[in-house]
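Examination of the molecular architecture
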Amino acid sequence: GNDTLSGGGGADAISTGAGNDTVLIHDASFLRVDGGLGVDTLKLDATASNVNIDFTAGGLGGKIYGFENIDITGGGNNSLKLTVQDVLAQGNTVDTAATAFNEAHLMVVSGNAGDTLTMANSASLKPGTWSAGTALSAADKTALAGLGHQFVSGDSYTVYTNGLATLIVDNAMTYQVL
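Every value quoted in this text rests on a predicted model; they were computed, and no experiment measured them.

Here we come to unusual backbone geometry. A negative phi holds for most residues other than glycine; trans holds for most peptide bonds. Phi is positive for Asn50, which is not a glycine, with a value near 55°. Mapping Asn50 onto the fold places it in the loop between strand E5 (41-44) and strand E6 (52-54). The class of Asn50 is exposed, set by a relative accessible area of 62%.

Quick look at the structure:
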């Protein structure tokens, strides 16, 4: 089913099954979180503040599996750092004909003012260049929401692509490429 699970902070190990699941975390000290099959969301809980989720440092990327949506809104200024490989690797779904995007390699990142998404380069894959970005259309937003992707109500989003990877970013947050 479509479940919501909540970690209490600390060394949690959470695995979900099939379905469009949401896993709430309080900090980045978890042991492992696995979204399983479906379009899943990793979300900071409302009290999470000053949390840095960095896929590129300390093996954190090796602790997070199967999340097509990441929401770092939380309760303060939070940050997320990804590489193109992270976007490609997180997808645990198949492509559909619902949008022009390849949903198998698509990630939606949501946040609010004060939150930051950083896209880093990686030595193991030539990341090329993320596109300049285009506005996510209302039709595509509706289609993606129908598949289980989550968006902050009232926020607009920008679509960035890099090869097969598609990253859809909430315009309320800061986005930067290193």
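Looking now at the nonpolar core. Within the largest apolar cluster, 29 residues are counted, with the highest numbers of intra-cluster contacts made by Val33, Ile53, Leu80, Leu82, Leu117 and Leu167. Among the elements of the structure, strand E3 (22-25), E5, strand E9 (79-83), helix H1 (84-90), strand E10 (106-110), strand E11 (116-120) and strand E14 (165-170) are those that each provide at least two residues to this core. Per-element accounting of this core gives the leading share, three residues, to E14. Among all residues touching Leu80, those that are not within four sequence positions of it are Ile53, Phe55, Ile70, Ile72, Val109, Thr116, Leu117 and Thr118. Listed in part, the nine residues of the second largest apolar core include Phe101, Leu144, Phe151 and Val159.

Moving on, we get to the pairing of E10. Within E10, five of the five residues are buried, which leaves it mostly tucked inside the rest of the structure. Two elements, strand E8 (residues 69-71) and E10, share three bridges in a ladder whose sense is parallel. Paired with Asn69 across the two strands is Val108, which belongs to E10. Across four bridges, E10 lies against E14 in parallel orientation. When the sheet's bridge partners are listed, Val108 is paired in E14 with Ile168.

So, on to empty space enclosed by the protein. To find leftover empty space, a probe the size of one water molecule is rolled over the atoms. A complete count under the given rule lists one cavity of 30 Å³ or more for this structure. Grouping the amino acids of the lining of the largest cavity by side-chain chemistry returns four nonpolar, four polar and two charged.

Definitions and limits used
- Residues numbered from 1 in each chain as written.
- Predicted model: local features only at pLDDT ≥ 70, side-chain atom pairs only at ≥ 80, totals over all residues.
- Heavy atoms only, no water.
- Helix = DSSP H or I, 4+ residues; strand = E, 2+ residues; numbered from the N terminus.
- Buried < 20%, exposed > 50% of the residue type's maximum accessible area, 1.4 Å probe, protein only.
- Core = buried A, V, L, I, M, F, W, Y, C linked by side-chain atoms within 4.5 Å.
- Contact = heavy atoms within 4.5 Å.
- Pairing = 2+ DSSP bridges.
- 1 Å grid on protein atoms, 1.4 Å probe; cavity = no way out; pocket = protein on both sides within 12 Å on 5 of 7 lines; lining within 4 Å.
- Points joined across faces, edges and corners; volume = space filled by probe spheres on them.
- Nonpolar A, V, L, I, M, F, W, Y, C, P; charged D, E, K, R; others polar.

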